Amino acid sequence: MNAMFLRIAAFCALGLFATTGAAAEFTATITDGTGQPLRGAIVYVSDANAASGNKAKAAKLDQVDKTFVPQVSVVQTGTPIEFPNSDNIRHQVYSFSPAKVFTLKLYSGRPAEPVVFDKPGVVVLGCNIHDTMIAWVLVVDTPWFGKADAQGHAVIKGIPAGTYELSAWHPGVMLPVSAGQIEIKPQETLSRAMKLAVTPVPGLTSP
Amino acid sequence: MFRRLRTRIIFFFVALLALVQIAAFVFVNAANSTNARQKIEGELLVGERLFARLLEQNRERLSQTARVMAADYGLREAIATDDVNTVISALRNHGGRINANMMMLVSLDRNVVADTFALDTRPRQFEFPMLIEQAARQGSASSIELINGHAYQLVVVPVLAPLPISWIVLGFVVDDGLAAELRQLTGLQVSFLQSTAGPGSTGWRVLASTLGSEGSSLASALPALPAASEVHRIGEEAEEQQIRVITLDHFGDNILVAVLQRSVAQAIASFDNLRQTLIALGALSLFLSVAGSIAIAQGITRPISELSEAAQRMQAGDYSQPVDVTRGDEIGVLATSLNHMREGIAARESEILRLAYQDTLTDLPNRSRFNERLQRAIGNVKQQDGGLSVLMMDLDRFKYVNDTLGHNAGDHVLREVGKRLRELLRKDDMVARLGGDEFAILLEGVEPGNAATVAQKILASLEKPIDYLGQPLDVGTSIGIAHYPQHGADAGTVLRNADIAMYVAKRNKTGSAVYDPQYDTHQQEHLSLLSDIRRAVENNELRLYYQPKISLSSSAAAAVEALLRWIHPTRGVIPPAEFIPFAEQTGYIKVLTRWVLEESIRQCGKWHAGGLDMKVSVNISARDLMNRDLPDMIAQLLAKYRTPAAMICLEITESGFIEDPAYAHKVLDRLNALGLQLSIDDYGTGYSSLSYIAQLPVDELKIDRSFVMRMLEDKTTSMIVRSTIELGHSLGLKVVAEGVEDEDSYRMLQQLGCDHAQGYFMSRPLPARELEEWLRTSQWGQTKYEPNNTARISLLKPVKSS
């Protein structure tokens, strides 16, 4: 997978402007190599020096019609994720990804315990019963992240002013890609266009 | 070689059929062979497709199996542990479930993580990255590769979690078992070979094969770089194989191929039944055709053989058995023709035999038949004793009849004579016409005396004149008789001796004569003289001697008789009696007569010119008298030598008139008209009467010497001489006496009034020169010659040998 590379063309927005309040808001518009909006792409900013003060919130990864919903999700390290089964059949959700190896024995309905994703990294989830079921969970050490909608817009709100490292990820790139430093000013609303070259991802139907 | 028709027919049919069958067999066999090869090619082509399909299916099956295996949660879990030993054991365990022979785990970056073959090897890159790329694209990949000297069907599948986290490589060894399985499905021998081609060497190594131990021969026979999708042929005869080569993998210098092959011999073997059936059919039809040919050939040749036998019977002279004709075909026609031929030949042969042994004129047997019968009769006599007699006869005046009255008259005479002879004789006696006027009679089982009696009967029978168109023909005959065994030891001698006796009888005018050995010597001389006569005239061996006639009134020579002498170069002087009869028989007498006439007329003319008027008498034979040219010839000679006709006198014997008195009369009239003197010679020996002679234009009568020589002793004879002289005179004829040998006779004749005398008493016959001398010196000399009183001269008087 060496050949895989990430090219991020980060363009300065036409202008960075601050919004009211202490927290700033960052909007990234992500397109793929052909310029199409890259739905499901994850954008996050992290400050290596600042300790994360925010407590991770619980997340949920549903299974509907033999499909993980959502297929692509991003959580802060330590987030417990529930895997409710909305189908009337059983699933056996597993992951052999080094960031989180686990198996939920065949179950239906809501499992007793959520799974805590306690290490950063890409976790690929599958169902041992249904080979076509696949989901990606990006575990990051920051609470500031966003997921691109159908128009490729990913919005991160409430970012304290400071200097962050900007990263982007998508199942088509396997590992997160750094897009350089970003200066966040208070009350500022910042926009940036980002380009992420991805490989086609089989099984990714609704990111 | 094939002389017999039957053999040829059989050979032809059988050879033809054998040829057709051999040709058919060769064609069918060749077609079979071609078919077999084409069939093999087809089988190989189908086999190759099938083989490819099977390999594909095998790959599919193995891939699916591998995919299923790789999806096993436990295995994935084990792999996820990253513990090599665990991974290897898990791979072994799960690979074993699907009978894989080799398992490998390859990371996403293509490092070999685990290898069931090489447990403690160092990390290395997977040798077949292309397989992984293919598997990444298609979910699985498979190919046959060579690993550690063995061929493996490699299958690469991803380990999904659910995205690929590593690659599992499974190896299924390609062994004899797989080959056998493929063979079962394709029906072809299947071999997997590895090229061991290094620099400068080529060769193949068998990896797996259904051929067993024979695989090595394939390895040695396979070309270095066999083209795929082509049929190759290796081996010869029973070992011949057709093969197709499928290249499975190229990796470096190694070439891995699958070889599909089919034995030509085995394929052709399926045609063996057909071939054997063909051979059996061929043998059967050959046998039937031989049998059929023999039957047909016999159907043709047997009747031909029968015809051939019939022809051979005919050749042997047996015409009695007809050929059986029961068929309607060509042979039947031939047999019918043969029958007609047989009848024709039989008829012609009997006709030929009839012609060969029968005289057509008289219907009497001919000379051949007579000789045959005579020889058989002599054979019988030899066995049973006894004897037989042969009578040979010819007609005295037959030639005259033929010449004057024509051949019809002659034929009539011969038929009549034949008829009379036939009537006269017993049925068992044989009468044959030997030719001309010659007849022969065979008397078997008779005494010699009886033969003479028969001869007398014949003579008597022929005294009766034969009537021809109302004209009586007087035909005399002379008969010679010879007896067997007295007169000859064989048929030829007996016949010849009978012939000799016949001439004796004719000459002696005795009617018939029995053979006497004495005749033989004369006969022998005559035979040799006959050829000499021809020479005599040409070689000037003939002479004329002249014997004077003395006038009894003047006792002077009045005339001469010219007598022919033959001065033979070796035998001296031969008297006319020795050769004149032969000259008469052969017709040579004409030449002699002409010579005598010319010589005497010439001499007479010469004397006349010299003043010596000596009349010359010339003897003319009876046959000469029948020559119509005689008067003309004499007239020419007289003119030529200027001799007066009155100086020549022709002497003719009585028999000359008797043969044909009428014709003789005519000739004598013509001769008389020429002025010639005519004389009757040997008067008294024949039967002619004076009254007959009186009618003839003759001038002179010569009394035969037999009367003159006996007249002194015998009173009766002297009376005859006397009366003859008187009668002659009374008829106005001069009378001449011959054979005057002493003076008493001479005196007596003078007293009787005879006109002339001739004989040794006066002079023997002399040559012309001596005669002239004699005339000058003798007492009978010319001085006393009375020209007007000596007109009678006789010439050419044969001196009787007796």
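Everything below is about the structure printed above this text.
Residues numbered from 1 in each chain as written. Chains lettered and ligands numbered in written order. Predicted model: local features only at pLDDT ≥ 70, side-chain atom pairs only at ≥ 80, totals over all residues.

Draft legend 1. Quick look at the overall build of chain A. Scanning chain A for helices and strands turns up zero helices and 17 strands. For chain A, the proportion of its 207 residues judged to be buried stands at 38%. A sequence separation of at least 24 residues applies to 68% of the contacts in chain A between residues at least 6 apart. (Helix = DSSP H or I, 4+ residues; strand = E, 2+ residues; numbered from the N terminus. Buried ≥ 20, exposed ≤ 12 C-beta atoms within 10 Å, placed from the backbone. Contact = placed C-beta atoms within 7 Å.)

Draft legend 2. Geometry of the overall build of chain B. The number of helices and strands found in chain B is 25 helices and 27 strands. A total of 802 residues make up chain B; the buried ones form 38% of that total. Summarising the internal contacts of chain B: among those between residues at least 6 apart in sequence, 63% fall at separations of at least 24.

Draft legend 3. Geometry of the nonpolar core. In this structure, Ile30 and Val43 of chain A together with Ile168 of chain B are the most contacted members of the largest nonpolar core, which totals 123 residues. In contact with Ile168 of chain B, not counting residues within four places along its chain, are Ala66, Ala70, Met103, Leu105, Val157 and Val159 of chain B. (Core = buried A, V, L, I, M, F, W, Y, C linked by C-beta atoms within 7 Å.)

Draft legend 4. The packing of helix H18 (residues 630-640) of chain B against helix H20 (residues 661-674) of chain B, seen in detail. All names here are of chain B. One way to put it is that H18 packs onto H20 with a least axis distance of 9 Å and a crossing angle of 15°. In terms of orientation, H18 and H20 fall into the roughly parallel class. Pair H18 / H20 crosses with right-handed handedness. Seen from H18, the contacting residues are Leu630, Pro631, Ile634 and Ala635; seen from H20, they are Val667, Arg670, Leu671 and Leu674. Partitioning the contact of H18 with H20 into residue classes produces seven nonpolar, no polar and one charged. (Axes fitted to C-alpha atoms, helices over the stretch in contact; angles between N-to-C directions. Parallel < 35°, antiparallel > 145°, perpendicular 65-115°, else oblique. Left-handed = near helix turned anticlockwise from the far one by under 90°. Nonpolar A, V, L, I, M, F, W, Y, C, P; charged D, E, K, R; others polar.)

Draft legend 5. The arrangement of the environment of Asp72 of chain B in detail. Residue and element names in this part refer to chain B. Mapping Asp72 onto the fold places it in the loop between helix H1 (5-70) and helix H2 (73-80). Looking at Asp72, the number of C-beta atoms within 10 Å reads 17, which means it is partly exposed. As a C-alpha pair, Asp72 and Leu160 span 88 residues in sequence and 9.6 Å in three-dimensional space.

Draft legend 6. Spatial organisation of the interface of chain B and chain A. Each partner contributes to the interface: chain B provides 11 residues, whereas chain A provides eight residues. Class assignment of the residues belonging to the side of chain B that touches chain A gives a composition of nine nonpolar, no polar and two charged.

Draft legend 7. Main features of unusual backbone geometry. Residues and elements named next belong to chain B. Cis geometry is adopted by the peptide bond preceding Pro162, which originates at Ala161 and carries an omega value of -15°. With respect to the helices and strands, the residue Pro162 is situated in the loop between strand S4 (150-160) and strand S5 (164-173). Look at the link from Tyr484 to Pro485: it is a cis peptide, with omega at 10°. Of note, Arg110 is a non-glycine position whose phi angle comes to about 70°, a positive value. Here Arg110 is to be found in the loop between strand S1 (102-107) and strand S2 (112-115). A tally of 16 C-beta atoms within 10 Å means that Arg110 is categorised as partly exposed. Here Arg642, not a glycine, exhibits a phi torsion of approximately 50°, which is positive. When you line up the elements, Arg642 lands in the loop between H18 and strand S22 (648-653).

Draft legend 8. Local environment of the pairing of strand S24 (residues 700-703) of chain B. Residue and element names in this part refer to chain B. Going residue by residue along S24, you find Glu700 and Lys702 tucked away on one face and Leu701 and Ile703 tucked away on the opposite face as well. As paired elements, strand S23 (residues 677-683) and S24 share three bridges and run parallel to each other. By the bridge assignment for S24, Ser679 is matched with Glu700. Sheet topology note: the S24/strand S25 (residues 734-737) ladder contains four bridges and is parallel. By the bridge assignment, Glu700 is partnered in S25 with Lys734. (Pairing = 2+ DSSP bridges.)

Draft legend 9. Seen up close, the sheet that holds strand S1 (residues 24-31) of chain A. All names here are of chain A. Taken together, the three strands give an open sheet; going across it, the order is S14-S1-S17, and neighbouring strands pair in mixed fashion. Of all strands in the sheet, those bounded by a partner on one side alone are strand S14 (153-159) and strand S17 (189-195). Averaged over neighbouring strand pairs, the angle between their axes works out to 20° when direction is ignored. When S1 meets S17, the two strands line up parallel, connected through seven bridges. The residue bridging Thr31 from the neighbouring strand is Lys195, located in S17.

Draft legend 10. Here's a closer look at the packing of helix H10 (residues 398-405) of chain B against helix H11 (residues 407-424) of chain B. Orientation of H10 of chain B relative to H11 of chain B, taken along the N-to-C sense of each, is 145°, at an axis distance of 6 Å. Mapping the contact onto sequence places Phe398, Val401, Asn402 and Leu405 of chain B in H10 of chain B and His407, Ala409, Gly410 and Val413 of chain B in H11 of chain B.

Draft legend 11. Structural view of H11 of chain B. Residues and elements named next belong to chain B. Taking 1.5 Å per residue, 18 residues should reach 26 Å; H11 reaches 25 Å between its end C-alpha atoms and fits that length. Of the positions making up H11, those classed as buried are Gly410, Val413, Leu414, Val417 and Leu421. When H11 is viewed along its axis, its buried side chains cluster within an angular range of 95° and face the same direction. Along H11, the residues that are exposed and aim more than 90 degrees away from the buried face are Asn408 and Glu423. (Expected span 1.5 Å × (residues − 1). Arc of directions from axis to C-beta.)

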